[in-house]
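Residues per chain, in single letters:
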Amino acid sequence: MTGIPHLPALLPRYVTRFACTQDKCPDTCCSGWKVNVDREAYARFQALPPSPLQQQLKESVQPEPAPTGDQDFAWIRPAPGTLRCPMLEGGLCGVHKRLGAEGLANSCFSYPRFTRAVGDELSQGMSLSCPEAARLALLSPDAFEFLDTELPIRPGMVTHLPLSGGLSQEDASAVRVFCLQLARAREVKPWARLAVLGMFCEQLDALLQRGGGAATRALLEQFQSQLSAPGLLAALEATEPHHAEQAAVFAPLLRTGLGAPPSPVQGRVLAAVAEGLGGAGEDGRGEPSLLRERYERGVARLPAALAASAPLLLEHYLLNELFREAFPFDRASPFAHYLDVVLRFGVLRLMLAARCTGETLPDAAALVETVHVFCRRYQHDPQFVREARAAFHARGWDVMPRLFPFLRA
Ligand code: SF4
């Protein structure tokens, strides 16, 4: 790819195996949501010599009325009466076919890749809203071996996360490594890993707010020693799960998500989830006792479903989100970032549990597609995040340790 700089970056092994499945993709990213066009690509498209593709781009690429910057300078209006990009030809991209990858707008060139710079350290992960990325990330045992390599990265693709609160580059990297190691600490139950992560982020928050980044190393050592001593985990073990609250808070959120009508695969998964929850998913309201009963049945059977067909699914989902978003540095504060991760984890667990309420347990394909559809419908949707945060706050769950009964399955 001429003209695109190759930069050193850290990435998980599954990203090196990724190839778009194009016309074989069950849920193409070229349909069902808004596709942004960056300012440079817009100018490139405008300057193309006359051709059927040039005409199509001229008709469908519209300047954004109120862009927030260069990356959403314009957008692609779907083909009339559809949700699909008009440049899609039999599952293949007409721009890519005629102009090569270099001709693509940044969003089309990069998706499902997400590149972040914490200070001057680059890392690239993928969104599991792409079915192929989800399959590779969630099922391959070595998916999260991390590699340093050179990647074609356009400057417009990088989200820059500046260091703050006196945090050094070295300590920021140590914090990221600690969070990833905790997410894959198999001697600790998955919900307890999340609980400890929350306690760590809450204390890191306080440290950075008072400019004490220099004390981060001491905080890391404190948590590493607490994790190796029995006290902390034994105390967590005494937590009772609050299933009724878990179901009551998260089922209503299923009705938010992408405004666009679901694609066939999304529709099928959302219908299976709604049925699994006794109808609660459709309008977000359902008979509370039935919802609770169904959720409890599903959440109790989920470990068996995972053990049988996708033993690393939840751990790899969490690892992917933490790595892709350069956790805990991609929100206003580490604890705010933590709450967003937990909110999504809660709704995803509810959807997976809903698929485990029937007679037979879901297989790997059904579990993976549930993650992909969750990510496609909710991950990129500001309304979902807003409503989920409000639901948490309303119940006072956005503070540790009130969160523990929510985390425990
Ligand atoms: S969702 Fe993924 S596999 Fe499907 S068309 Fe897009 S990049 Fe390719």
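Placed above this text is the structure.
Residues numbered from 1 in each chain as written. Predicted model: local features only at pLDDT ≥ 70, side-chain atom pairs only at ≥ 80, totals over all residues. Heavy atoms only, no water.

## So, the overall build of the chain
Rule in force here: Put simply, DSSP marks the helices as runs of H or I at least four residues long and the strands as runs of E at least two long, and each gets a number from the N terminus on. In this setup the radius of gyration rests on C-alpha atoms only. A globule is expected at 2.2 Å times the number of residues raised to 0.38. For every residue, the accessible area (1.4 Å probe, protein chains only) is compared with the maximum for its type, and the residue is labelled buried under 20%, exposed over 50%, or partly exposed between those bounds.
Counting its regular elements, the chain contains 19 helices and 10 strands. Taking 22 Å as the expected radius of gyration for a compact globule of 409 residues, we find that the chain reaches 22 Å, a close match to that expectation. Summarising its shape, the C-alpha atoms of the chain cover approximately 70 × 50 × 40 Å along the three principal directions. When burial is assessed residue by residue, the chain has 53% of its 409 residues classed as buried.

## Regarding helix H6 (residues 131-139)
When you tally the buried positions in H6, you get 7 out of 9 residues, the bulk of the element. Taken together, the buried positions of H6 are occupied by Pro-131, Glu-132, Ala-133, Ala-134, Leu-136, Ala-137 and Leu-138.

## Quick look at the sheet that holds strand S4 (residues 74-76)
Condition: At least two bridges found by DSSP between two strands are what make those strands a pair. By definition, residues are in contact when any of their heavy atoms lie within 4.5 Å. Note on geometry: axes are C-alpha line fits, over the in-contact stretch for helices, and angles between N-to-C directions span 0 to 180 degrees.
Reading across the sheet, the 3 strands line up as S2-S4-S3 and stay open at both edges, with antiparallel pairing between neighbours. Only two strands of the sheet have a single partner each, and these edge strands are strand S2 (36-37) and strand S3 (61-63). The strands touched by helix H3 (residues 52-60) within the sheet are S3 and S4, with S3 carrying the most contacts at an inclination of about 40°.

## Brief notes about helix H8 (residues 190-209)
Quick note on the threshold: Multiply 1.5 Å by the residue count of a helix minus one, and that product is the helix's expected span.
With 20 residues, H8 should cover 28 Å at 1.5 Å per step; its first-to-last C-alpha distance of 29 Å lies within 8% of that length. Immediately downstream of H8, the backbone of Gly-211 shows phi near 70°, a positive value.

## Overview of the nonpolar core
The tendency in soluble globular proteins is for nonpolar side chains to be buried as a group. Stated precisely, the cut-off is as follows: The term nonpolar core refers to a set of buried residues drawn from Ala, Val, Leu, Ile, Met, Phe, Trp, Tyr and Cys, joined through side-chain atoms within 4.5 Å.
With 110 residues, the main nonpolar core has Tyr-14, Phe-200, Phe-250, Leu-313, Tyr-338 and Leu-407 as its most contacted residues. The contact partners of Tyr-14, leaving out residues within four places of it in the chain, are Met-126, Leu-128, Ala-133, Leu-136, Ala-137, Ala-143, Phe-144 and Asn-320. Grouped together as the second largest cluster of nonpolar side chains are 21 residues, Phe-45, Leu-57, Phe-73 and Ile-76 included.

## Some details on the pairing of strand S7 (residues 113-118)
Sheet topology places S7 next to strand S8 (residues 121-126); 6 bridges connect them, and they run antiparallel. Residue pairing in the sheet places Arg-113 in a bridge with Met-126 of S8. Here S7 folds back onto S8 in antiparallel fashion, the turn holding 2 residues, of which Gly-119 has a positive phi close to 60°. Here S7 runs beside strand S10 (residues 158-161); their pairing, made up of 4 bridges, is parallel. Each residue of the ladder has a partner; that of Val-118, found in S10, is Leu-161.

## Details of unusual backbone geometry
Cis geometry is adopted by the peptide bond preceding Pro-328, which originates at Phe-327 and carries an omega value of 5°. Relative to the helices and strands, Pro-328 resides in the loop between helix H15 (313-324) and helix H16 (334-354). The omega torsion of the bond from Met-400 to Pro-401 falls at -5°, within 30 degrees of zero and hence cis. By secondary structure assignment, the location of Pro-401 is in the loop between helix H18 (382-394) and helix H19 (404-407). Notably, Gln-22 is not glycine yet its phi reads approximately 50°, a positive angle. Its location among the elements puts Gln-22 in the loop between helix H1 (13-17) and S2. In the Ramachandran plot, Ala-326 falls in the positive-phi region, its phi being about 50° despite a non-glycine side chain. Examined against the element boundaries, Ala-326 turns out to sit in the loop between H15 and H16. Residue class for Ala-326 comes out buried when judged on its relative accessible area of 0%.

## Structural notes on the packing of H16 against helix H17 (residues 364-379)
Counted only if it meets this: Orientation is classified from the angle alone, with under 35 degrees giving roughly parallel, over 145 giving roughly antiparallel, 65 to 115 giving roughly perpendicular, and any other angle giving oblique. The handedness criterion is simple: a crossing whose near helix is rotated anticlockwise from the far helix by less than a right angle is left-handed, and one whose near helix is rotated clockwise is right-handed. Residues were grouped as follows: Ala, Val, Leu, Ile, Met, Phe, Trp, Tyr, Cys and Pro as nonpolar; Asp, Glu, Lys and Arg as charged; and all remaining residues, including Gly, as polar.
Direction vectors running N to C along H16 and H17 enclose 135°, while the axes themselves pass 10 Å from each other. When the axis of H16 is compared with that of H17, the two are oblique. The chirality of how H16 crosses H17 is right-handed. Contacts from Arg-344, Val-347, Leu-348, Met-351 and Leu-352 of H16 reach H17 at Leu-367, Thr-370, Val-371, Phe-374, Tyr-378 and Gln-379. Tallied by class, the residues present in the contact of H16 with H17 amount to 8 nonpolar, 2 polar and 1 charged.

## Section: the packing of aromatic side chains
For any pair of aromatic rings, geometry is given as the distance between the ring centres together with the angle between the planes. Rule in force here: By convention, a stacked pair of Phe, Tyr or Trp rings (six-membered ring in the case of Trp) has centres within 6.5 Å and planes under 30 degrees apart, an edge-to-face pair has planes over 60 apart, and any other such pair is tilted. Note on geometry: a ring has a charge over it if NZ (lysine) or CZ (arginine) is within 6 Å of the ring centre and within 35 degrees of the ring normal.
Inspection of every chain in the model, using the stated rule, returns 15 aromatic pairs. Note on Tyr-317 and Phe-374: the rings are 6.5 Å apart at their centroids and 70° apart in plane angle, and the pair reads as edge-to-face. In this pair, Tyr-317 is assigned in helix H15 and Phe-374 in helix H17, connecting sequence segments 57 residues apart. Accessibility expressed as a relative area gives 1% for Tyr-317, which makes it buried. Aromatic rings pair up to connect Tyr-14, Phe-144, Phe-146 and Phe-323 into one cluster. Against the face of Phe-109 rests Arg-154, its NZ or CZ located 4.2 Å from the ring centre. Cation over ring: Arg-376 sits above Trp-33, and NZ or CZ is 4.5 Å from the ring centre.

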